[in-house]
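Take a look at the letters that make up each chain.
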Amino acid sequence: MLIRLLIFLAFILLIEIYAFQAFKTLSRIKWVQYTYIILSVVILAYIIYSFTQFDRSVGQTPKTLFTLGLVLIIYIPKMILTTIMFGEDFYRIISGTISHFLGNTSQSSFLPERRKFVSQIALGVAAVPFLSLLYGMTKGKYNFKVIKQTLFFPDLPNSFDGMTITHISDIHSGSFDDPEKILYAVNLINEQNSDMILFTGDIVNTHATEMHPWIDTFKKIHDPKFGKFSVLGNHDYGEYIDWPTQKEKDDNFLAIKDLHRQIDFKLLMNEHIKLKNGTDEIAVVGVENWGKSFKKAGDLLKASNGLSQTDFKILMSHDPSHWEYEVKNHSTHYHLTLSGHTHGLQFGIEIPGIIKWSPVQYVYKQWAGLYENVGRYIYVNRGFGFHAYPGRVGIWPEITVIELKKTEKVV
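Keep in mind that what you see is a predicted model, and the values were worked out from it rather than measured.

Visitor: Looking at this model, I keep getting lost on the side chain of S40. Mind explaining?
Guide: Mapped onto the elements of the fold, S40 is located in helix α2 (residues 30–52). Using a relative accessible area of 10% as the deciding quantity, one classes S40 as buried. Among the polar contacts made by the side chain of S40, one reaches the side chain of K78 at a distance of 3.2 Å. When residues no more than four places from it in sequence are discounted, the contact partners of S40 are E16 and K78.

Here is the structure:
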């Protein structure tokens, strides 16, 4: 433990030294430099103190959210500064070595002086993630986007042609801090006037009580023609903290399941429900969480008991890795799977038709938006709320509207 702490402190010291070298190019005034040093020390002391106070029996709190955000907003830019400044030092060492062996005596010292423009470039580059992360924490986390998608199926029952679904996921109510923004998002959901609303899990971070201040707000979601359905996500099982007793954990799980009833959603626990429109029907299948690297409570066989291959099926499964490993080639044929979970890492770059990138893509093959495999689709919602980093950069909170359309079979 002591060795790891010493390595961590040495790493931080290296970053702070290089960052200060770059900062000095902005101002030669001593009191400004001293102020920078004092602020850096105070921020680091606060971060270390906050992490030492983390209580695994409580889990994530607004304070830990803020602390993690502070770590990212301060140290990602400083690491960028360090990388660029370290690269310049490498150049200086090579240059000094060559000059030394060539007998160049024009230099006053072995190492050439630092070049001011390199420090200025480093500061300019570091300013980009600093400002982006700052925006993400203040504005981006509530920058809700409505994304519309039309999907065509040859075997869609005729009377469901044109049916619309509003899909939300990953509410993470314990992270919210702005009632007006959440009400705005709920009103945005209602404005879509969809035929059905589906929620694919993670209603809280850990505790059922996190949702209590928001129940009345989410009850304002209109009851559409075909109803409101939901499933559980990995955070809904309360497995990321240390519980005093198993009973308290079990009671919390029961309370979380009851939250869905309180906001007028029908929670599907490894089961399905058939929706009828005239003589036609489709099945909405809901499984508990199943993740390649997370809890595997989902039971596809149980949830689909009684359904045939030809039944039109919409599957709700929180973690998109379920589709990759079990669903996409399943003989029962699930036409459309709706997932969430990844949040798009709440960080990335998306310019439609040009680029779609997030570090999370190196972990999940399906991480945001629509994917297809031999006529079977999965849509991964980017998430309604946020978790861990209290913000979003480039990957905005999402309300998805999917329209189902019937198309003729290609002969």
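Visitor: How do you make sense of the packing of helix α1 (residues 2–23) against α2 when you look at a structure like this?
Guide: To characterise two packed helices, one gives the angle between the axes of the helices and the distance between these axes. At a minimum axis distance of 11 Å, the contact between α1 and α2 shows a crossing angle of 155°. In terms of axis orientation, α1 runs roughly antiparallel to α2. The two elements α1 and α2 cross, and the hand of that crossing is right-handed. Contact residues: α1 offers L9, I12, E16, A19, F20 and F23, while α2 offers V32, Q33, Y36, I37, S40, L44 and I48. For the contact of α1 with α2, a count of residues per class yields ten nonpolar, two polar and one charged.

Visitor: Where do I start with helix α4 (residues 116–138) in this structure?
Guide: Residues spaced three or four apart along an α-helix point in a common direction, a consequence of the helix completing one turn every 3.6 residues. When the terminal C-alpha atoms of α4 are compared, their 33 Å separation across 23 residues agrees well with the 33 Å that a helix rising 1.5 Å per residue should span. When α4 is considered as a whole, its buried residues turn out to be V118, S119, A122, L123, A126, P129, L133, G136 and M137.

Visitor: Is there a simple way to think about the sheet that holds strand β13 (residues 376–380) in this case?
Guide: By way of backbone hydrogen bonds, the strands of a sheet pair with one another, either parallel or antiparallel. Sheet architecture is open: six strands sit in the order β6-β7-β8-β9-β13-β12, paired in mixed fashion. In this open sheet, the two strands that pair with only one neighbour each are β6 (271–277) and β12 (369–373). Taken over all neighbouring pairs, the strand axes of this sheet differ in orientation by 20° on average, direction set aside. Relative to strand β8 (residues 313–316), strand β7 (residues 280–286) is paired through four bridges, and the arrangement is parallel. Considered in β8, the bridge of G286 is made with M316.

Visitor: So what exactly am I meant to see when it comes to the environment of E191 here?
Guide: With respect to the helices and strands, E191 occurs in helix α5 (residues 179–191). When the C-alpha atoms of E191 and H222 are compared, they prove to be 9.5 Å apart, with 31 residues separating the residues in sequence.

Visitor: Help me understand the pattern of salt bridges, please; the structure alone is not making it clear to me.
Guide: Side chains carrying opposite charge are able to pair once their charged atoms draw close together. For the structure shown, the criterion picks out 14 salt bridges. Two residues, R382 and E398, come together in a salt bridge whose shortest N-O distance is 2.9 Å. Of this pair, R382 sits in the loop between β13 and β14 (398–406) while E398 sits in strand β14, placing them 16 residues apart in sequence. Per residue, the accessibility class of R382 equals that of E398, and both read buried. Through salt bridges that share partners, E239, K249 and K295 make up one connected network.

Visitor: Sorry, what's going on with the sheet that holds strand β4 (residues 228–230) here?
Guide: In space, the six strands of this open sheet follow the order β1-β14-β2-β3-β4-β5, with mixed pairing throughout. A strand with exactly one partner marks an edge of an open sheet, and here the two such strands are β1 (145–153) and β5 (266–267). Bridge analysis of strand β2 (residues 164–168) against strand β3 (residues 196–199) gives four bridges, and the strand direction is parallel. Along β3, the bridge assignment pairs H167 with L198.

Visitor: Even after reading the chapter, I still don't get the packing of aromatic side chains, so can you show me in this structure?
Guide: Working definition: an aromatic ring pair is given by the centre-to-centre distance plus the angle between the planes. What the rule picks out here adds up to 16 aromatic pairs. Relative to Y36, the ring of F23 lies with its centre 4.2 Å away and its plane at 15°, an arrangement referred to as stacked. Of this pair, F23 sits in helix α1 while Y36 sits in helix α2, placing them 13 residues apart in sequence. On the basis of relative accessibility, which here comes to 16%, the residue F23 falls in the buried class. An angle of 70° between the planes, with centres 5.8 Å apart, marks the rings of Y142 and F386 as edge-to-face. One end of the pair, Y142, is in the loop between α4 and β1; the other, F386, is in the loop between β13 and β14, and 244 residues separate them in sequence. Cluster of aromatic residues (ring-pair linked, three or more members): Y142, F144, F176, W214, F218, F384 and F386. Across the ring face of W290, the terminal group of K296 is positioned such that the distance to the ring centre comes to 5.2 Å. Seen from the ring of Y334, K313 lies directly overhead, with NZ or CZ sitting 5.9 Å from the centre.

Parameters and conventions
Residues numbered from 1 in each chain as written. Predicted model: local features only at pLDDT ≥ 70, side-chain atom pairs only at ≥ 80, totals over all residues. Heavy atoms only, no water. Helix = DSSP H or I, 4+ residues; strand = E, 2+ residues; numbered from the N terminus. Buried < 20%, exposed > 50% of the residue type's maximum accessible area, 1.4 Å probe, protein only. Polar contact = N/O pair within 3.5 Å; in protein donor to acceptor, adjacent residues only side chain to side chain. Contact = heavy atoms within 4.5 Å. Axes fitted to C-alpha atoms, helices over the stretch in contact; angles between N-to-C directions. Parallel < 35°, antiparallel > 145°, perpendicular 65-115°, else oblique. Left-handed = near helix turned anticlockwise from the far one by under 90°. Nonpolar A, V, L, I, M, F, W, Y, C, P; charged D, E, K, R; others polar. Expected span 1.5 Å × (residues − 1). Pairing = 2+ DSSP bridges. Salt bridge = Lys/Arg side-chain N within 4 Å of Asp/Glu carboxyl O. Phe/Tyr/Trp six-rings, centres within 6.5 Å; stacked < 30°, edge-to-face > 60°. Lys NZ or Arg CZ within 6 Å of the ring centre and 35° of its normal.

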